[in-house]
Structure formats: C-alpha cells, structure tokens
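Structural characterization, general
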Amino acid sequence: MRSTETLPARKHSNYERQERIITEALAERWRDPEWQQALRLVAMVGLGTLPLAIEIWSSLERPGPLANHLDEAFAAERSELIR
C-alpha cells in the first residue's frame, strides 16, 4: 500500500527533474534571461509529446523510426499552437 501511495509522488518528482534538466540544457543554448519561462514551456511540451509519440509508435504493426512519430507529434502541436 505504501509503495502505491509513493509512486505518484516519485513520478512527479522524476518529471520535475527531467523538466529542469531539459530547461537547463535549453538555457545553455539560449542564454537570454527573458526566455526562461518560454524555455521551460518548451521543456514541458517536449516531455508531454514523447509519451504520445511512443504510444502511437508502439501501437503500429510496422512502426518505423520513433523519430518520425516525434516529428509528426511536434508538427501537430505547432499547428495547434498557431491556430
């Protein structure tokens, strides 16, 4: 029971750690402090996109490269954001 209760907290902590690592990596490339919130948003969107692309990729009989599905998922997000 205890491990079941701690699992969501552990998953959330892991997600926050991944978000921080990605944001820091992006911040090394784009150093403007005014971009920090935007870079964090990019990290969050990226982390949300990966499981969706993996889900589609793994559900196909002949999925091809995962990178293709990631490209498609990001293109769909980009399209929705500018709509």
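Everything that follows concerns the structure shown earlier in this document.
Because the structure is a prediction, the values reported are computed rather than measured.

Considering helix H2 (residues 36-59)
Residues that lie three or four places apart on an α-helix share one face, since the helix turns once every 3.6 residues. Taking 1.5 Å as the rise per residue, H2 with 24 residues should run 34 Å; its terminal C-alpha atoms sit 35 Å apart, in good agreement. Those residues of H2 not exposed but buried are Leu 39, Ala 43, Leu 47, Thr 49 and Ala 53.

Quick word on the side chain of His 69
Tracing the backbone through its elements, the reader meets His 69 in helix H3 (residues 66-82). Engagement of the side chain of His 69 in a polar contact is seen with the backbone oxygen of Pro 63, the distance being 2.7 Å. Other than its neighbours up to four places away in sequence, His 69 contacts Ala 53, Ile 56, Trp 57, Leu 60 and Pro 63.

Some details on the pattern of salt bridges
Tallying each qualifying case throughout the model produces two salt bridges. Among the ionic pairs, Arg 40 bridges to Glu 19, the shortest N-O distance being 2.4 Å. In this pair, Arg 40 is assigned in helix H2 and Glu 19 in helix H1 (residues 2-29), connecting sequence segments 21 residues apart. We note a salt bridge from Arg 20 to Glu 24, for which the minimum N-O separation is 3.9 Å. Of the two residues, Arg 20 and Glu 24 are both situated in helix H1; the distance of four residues between them amounts to about one turn of the helix.

Observations regarding the side chain of Glu 19
The exposure class assigned to Glu 19 is buried, which follows from its relative accessible area of 7%. Side chain to side chain, Glu 19 and Arg 40 meet in a polar contact 2.4 Å long. If sequence neighbours within four positions are ignored, Glu 19 has contacts with Arg 40, Ala 43, Met 44 and Leu 47.

Calculation rules
Residues numbered from 1 in each chain as written. Predicted model: local features only at pLDDT ≥ 70, side-chain atom pairs only at ≥ 80, totals over all residues. Heavy atoms only, no water. Helix = DSSP H or I, 4+ residues; strand = E, 2+ residues; numbered from the N terminus. Expected span 1.5 Å × (residues − 1). Buried < 20%, exposed > 50% of the residue type's maximum accessible area, 1.4 Å probe, protein only. Polar contact = N/O pair within 3.5 Å; in protein donor to acceptor, adjacent residues only side chain to side chain. Contact = heavy atoms within 4.5 Å. Salt bridge = Lys/Arg side-chain N within 4 Å of Asp/Glu carboxyl O.

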